[in-house]
Amino acid sequence: MSFSGKILDWYHQNKRSLPWRKSINPYKIWLSEIILQQTRVTQGTPYYLRFVEKFPTVHHMANASEEEVLKLWQGLGYYSRARNLHATSKIVVNQYNGNFPNTYKELLKLKGVGDYTASAISSICYNEPQAVVDGNVYRVLSRYYGVDIPINSTEGVKYFKSLAEKVMDINDIRDYNQGIMEFGAIQCSPKKPLCLHCPLNESCVALQKGIVDRLPVKLKKTKVRNRYFNYLIPIYKDANGNQFTNLQQRKGKGIWQNLWEFPLLESNSILDIEDVDNRYKEVLDGIGEVELIEFNEVAIIHKLSHQHLHTKFWILNTGIQIPNQISFEKIKEFPVPVLIADFIKAFKF
DNA sequence: AAGGCGGGGTC
DNA sequence: GACCCAGCCTT
């Protein structure tokens, strides 16, 4: 039997029941594909369920604010996906009359939709013969055909896309594409693949050569940058006992764009209480004299894929109102990075 | 062509 | 610690 035939047979026997597989509604497929970019099914599924609950159609999402979308996305990471998700929902409503484009070529024009996602949507929703190439497909093809071209090189991207197109089943592309990805996730997994009872184990080049654990080949790793964050939490209590603090929205480039955080004093190394006392006015002026309290003695190292954020939180009790202050009860309504959400939880606002 | 962009799970 | 995850975008 052909490669694609075995993939299809395996899929029909082993596919998981996943919420987005219950329909081929392009809005739901698009939503699931954006959520699942660089994200495991187990992590993305609860987000998908909350999104379809809150935004049943593309119109619901388009009518929401970016802030609402970011809040629902909070904790999932790669927040440009959420910003593009919202922007695209508005484009689909306003420029496509609420109907998603139904071809690979048109889908590719949408924000946040690249080659993989356009292929996935067009094949799953419309049976258009476009080969998906995600991390699973790279792994399955590189092993089965014994290809050691780095998957993240320009040559590799072209080679594997071409190979994927060559071996796909255009007569059932919807199930074939989902099948090869599911096969990569369940059977041909990164660690400890189930080669012993694999339907392809008699013709898998990597297995025959004993190099399954060395494929696929990937170039280098990202270098990690250390940064030193001092979050300053101003606190003002009024005569009625109501408490206030301050949040600011991250703008411009870099991490966590459009998410909210406490006033941030970034430094070149870890600061002690004296340093902060001398410098807090750089980012938090107009709050008068303060009582400065070190919240965590040992810096929290929040790890992103490319940055390590050595973070200390400082409490600044002040006797006068804080510019742009917000009440404690409002804090939880803002979309914030996990680092901030964890602090909010620990501080018990 | 290379680097930036999150957070969590696994080994 | 290192690797990986239904990748995309900018420079």
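Everything numeric in this text was worked out from a predicted model, so none of it was measured. (Residues numbered from 1 in each chain as written. Chains lettered and ligands numbered in written order. Predicted model: local features only at pLDDT ≥ 70, side-chain atom pairs only at ≥ 80, totals over all residues. Heavy atoms only, no water.)

K.L.:
So what about the domain arrangement of chain A? Which residues, and what values?
P.N.:
If you check the domain split of chain A, you get domain 1 (3–214) and domain 2 (225–347). A straight line from the C-alpha centre of domain 1 to that of domain 2 covers 38 Å. Each partner contributes to the interface: domain 1 provides nine residues, whereas domain 2 provides 14 residues. Roughly 900 Å² of surface becomes buried between domain 1 and domain 2 when both sides are summed, with 52% attributable to carbon and sulfur atoms. At the junction of domain 1 with domain 2, the criterion picks out zero salt bridges. The tally of links between domain 1 and domain 2 comes to six residue pairs in polar contact (both at pLDDT 80 or more). Considering every element that reaches the side of domain 1 that touches domain 2, the biggest residue donor is helix H5 (residues 66–73), with four residues. (Domains from an automatic or database assignment. Contact = heavy atoms within 4.5 Å. Buried area = accessible area lost by both parts, 1.4 Å probe. Salt bridge = Lys/Arg side-chain N within 4 Å of Asp/Glu carboxyl O. Polar contact = N/O pair within 3.5 Å; in protein donor to acceptor, adjacent residues only side chain to side chain. Helix = DSSP H or I, 4+ residues; strand = E, 2+ residues; numbered from the N terminus.)

K.L.:
Before we move on, can you summarise the pattern of salt bridges with the specific residues and values?
P.N.:
Per the stated rule, a full pass over the model turns up eight salt bridges. Arg 250 is paired through a salt bridge with Glu 261; the nearest N and O atoms lie 3.0 Å apart. Within this pair, whereas Arg 250 is found in the loop between strand S3 (248–249) and strand S4 (260–261), its partner Glu 261 is found in strand S4, the two being separated by 11 residues in sequence. The same class applies to Arg 250 and to Glu 261, which are both buried. Ionic pairing is found between Arg 279 and Glu 282, a salt bridge with its closest N-O pair at 3.0 Å. The exposure class of Glu 282 is exposed, given its relative accessible area of 52%. (Buried < 20%, exposed > 50% of the residue type's maximum accessible area, 1.4 Å probe, protein only.)

K.L.:
Now, about the packing of aromatic side chains: what can you tell me, with residues and values included?
P.N.:
If you walk through the whole model with that rule in mind, you get 24 aromatic pairs. Note on Phe 295 and Phe 343: the rings are 4.9 Å apart at their centroids and 80° apart in plane angle, and the pair reads as edge-to-face. Taken together, the positions of Phe 295 in the loop between strand S6 (290–294) and strand S7 (300–303) and Phe 343 in helix H14 (residues 338–347) put the pair 48 residues apart, joining distant regions of the chain. In this structure Phe 343 comes out as buried when scored by relative accessible area, which is 2%. (Phe/Tyr/Trp six-rings, centres within 6.5 Å; stacked < 30°, edge-to-face > 60°.)

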